[in-house]
Every structure is written in structure tokens, then in C-alpha cells.
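Here's the letter readout for the chains.
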Amino acid sequence: MALNLNKNLKLYYSIKEVAEMFDLNESTLRYWETEFPSLKPKTAGPSKVRQYQEKDIEQIRLIHNMVKVRGFKLAAAKKILNQNRGVAEQKTEVLSRLISIRDNLQHLKKQLDYIQ
């Protein structure tokens, strides 16, 4: 059996780690939890420490893409997620791939510029 290097070994992320992933404030994530019922991280212990799993991070990625990247209002993002979640997921995936390709091309261009 081959070793899967892409497998994420971490099961839970703190609110601070997730906020840093998306360059958001922790308060923004807490607010989104109130606005989007499907975003419910696990809470642990008497202090109710939030523990985000991969499914929560994917939900945040969708919301972040619609609100912060594409400029939708929260109400519009909620409506889209309620009506066309599959389409929203596909568009987010395509945008993520395009951004990754753009970053790789920019990196290659820098390397070529350095060679010349």
C-alpha cells in the first residue's frame, strides 16, 4: 500500500488557525456561524472551544469565496448556498484551481526572468 502524502493528518483546527487560513478575524467566523446554519464546528469542554473539521473548513471556503472574493452580500450567499450548493461548490473549486495555476505560472515566470 502506497503512502498518501496528501492526507491531512490534523483532524481539528482552532478558530485562530482557521481565521489565519482565510485571513479573517475570529469574530468574522463566529458571525458566519450565526448566519449560516450549516456551519457548526464541534465544541469541546466546558469552555465550548471551537474545533473545526475539514467539512467546516470547506464550508468556510465556500462562504469566503462568495463573500470576500466575489463580493456577494451575506443574504445572497445564503440564498445561493440554499438553492444551488452544488453549483457554488463547483465554481469555488474552479476558482481555486485557476488561482493555483496563476500562482504556478507567476512562479515560473520569476524563475525564467532570473535565468535571463
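The rules behind these values
Residues numbered from 1 in each chain as written. Predicted model: local features only at pLDDT ≥ 70, side-chain atom pairs only at ≥ 80, totals over all residues. Heavy atoms only, no water. Helix = DSSP H or I, 4+ residues; strand = E, 2+ residues; numbered from the N terminus. Rg over C-alpha atoms; globule rule 2.2 N^0.38 Å. Buried < 20%, exposed > 50% of the residue type's maximum accessible area, 1.4 Å probe, protein only. Areas by Shrake-Rupley, 256 points an atom, 1.4 Å probe, with all protein chains shown as cover. Lys, Arg positive; Asp, Glu negative; His and termini not counted. Charge placed at Lys NZ, Arg CZ, Asp CG, Glu CD. Axes fitted to C-alpha atoms, helices over the stretch in contact; angles between N-to-C directions. Parallel < 35°, antiparallel > 145°, perpendicular 65-115°, else oblique. Contact = heavy atoms within 4.5 Å. Nonpolar A, V, L, I, M, F, W, Y, C, P; charged D, E, K, R; others polar. Core = buried A, V, L, I, M, F, W, Y, C linked by side-chain atoms within 4.5 Å. Salt bridge = Lys/Arg side-chain N within 4 Å of Asp/Glu carboxyl O. Arc of directions from axis to C-beta.

1. Topic: the overall build of the chain
Here is step 1: Within the chain, the regular secondary structure consists of five helices and two strands.
Here is step 2: Secondary structure elements of the chain occur, N-terminal to C-terminal, as α-α-β-β-α-α-α.
Here is step 3: Taken against the 2.2 N^0.38 rule, which gives 13 Å for 116 residues, the C-alpha radius of gyration of the chain at 17 Å runs more than 25% over that of a compact globule.
Here is step 4: In terms of overall dimensions, the chain has C-alpha extents of about 60 × 40 × 30 Å along its principal axes.
Here is step 5: Out of the 116 residues in the chain, the part that is buried amounts to 25%.
Here is step 6: Surface summary for the chain: the accessible area is close to 8,700 Å², and the carbon and sulfur share equals 55%.
Here is step 7: The centroid of the 21 positive side-chain charges in the chain is displaced by 4 Å from the centroid of its 13 negative side-chain charges.

2. What about the packing of helix α3 (residues 54–69) against helix α5 (residues 85–115)?
Here is step 1: At a minimum axis separation of 10 Å, α3 and α5 run at an interaxial angle of 75°. As judged from the angle between their axes, α3 and α5 are roughly perpendicular. Contact residues: α3 offers Q59, R61, L62, N65, M66 and V69, while α5 offers R85, A88, E89, T92, L95 and S96.
Here is step 2: Classifying every residue of the contact of α3 with α5 by side-chain character gives five nonpolar, four polar and three charged.

3. Some points on the environment of L24
Here is step 1: For L24, the position within the fold is in the loop between α1 (15–21) and α2 (26–35).
Here is step 2: Setting aside residues no more than four positions away along its own chain, L24 makes contact with A19, L29, W32, H64 and K68.

4. What to know about the nonpolar core
Here is step 1: Membership of the largest hydrophobic core comes to 21 residues, with the highest contact counts inside it found for V18, L29, W32, F36, Y52 and I60.
Here is step 2: Breaking this core down by element, the ones donating at least two residues are α1, α2, α3 and α4 (74–83).
Here is step 3: With six residues, the single largest contributor to this core is α3.
Here is step 4: Discounting chain neighbours no more than four positions away, the residues touching L29 are I15, V18, A19, L24, Y52 and I60.

5. Details of the side chain of D56
Here is step 1: Relative to the helices and strands, D56 is located in helix α3.
Here is step 2: Overall, D56 belongs to the buried group, its relative accessible area being 2%.
Here is step 3: Beyond its immediate stretch of four places on either side in the chain, D56 contacts L39, K40, P41, K42 and Q51.

6. Remarks on the pattern of salt bridges
Here is step 1: This model, assessed by the stated rule, comprises seven salt bridges.
Here is step 2: The salt bridge partner of E26 is R30, with a shortest N-O separation of 3.3 Å. Residue E26 and its partner R30 are located together in helix α2, separated by four residues, close to a single helical turn.
Here is step 3: Taking the relative accessible area as the measure of exposure, R30 reaches 34% and is therefore partly exposed.
Here is step 4: For D56, the salt bridge goes to K55, with nearest N and O atoms at 3.5 Å.

7. Section: α2
Here is step 1: Every buried residue of α2 is listed here: T28, L29, W32 and E33. One face of α2 carries all of its buried residues, which in axial projection span an arc of 145°.
Here is step 2: Packing partners of the buried residues in α2 comprise α1, β2 (49–51), α3 and α4.

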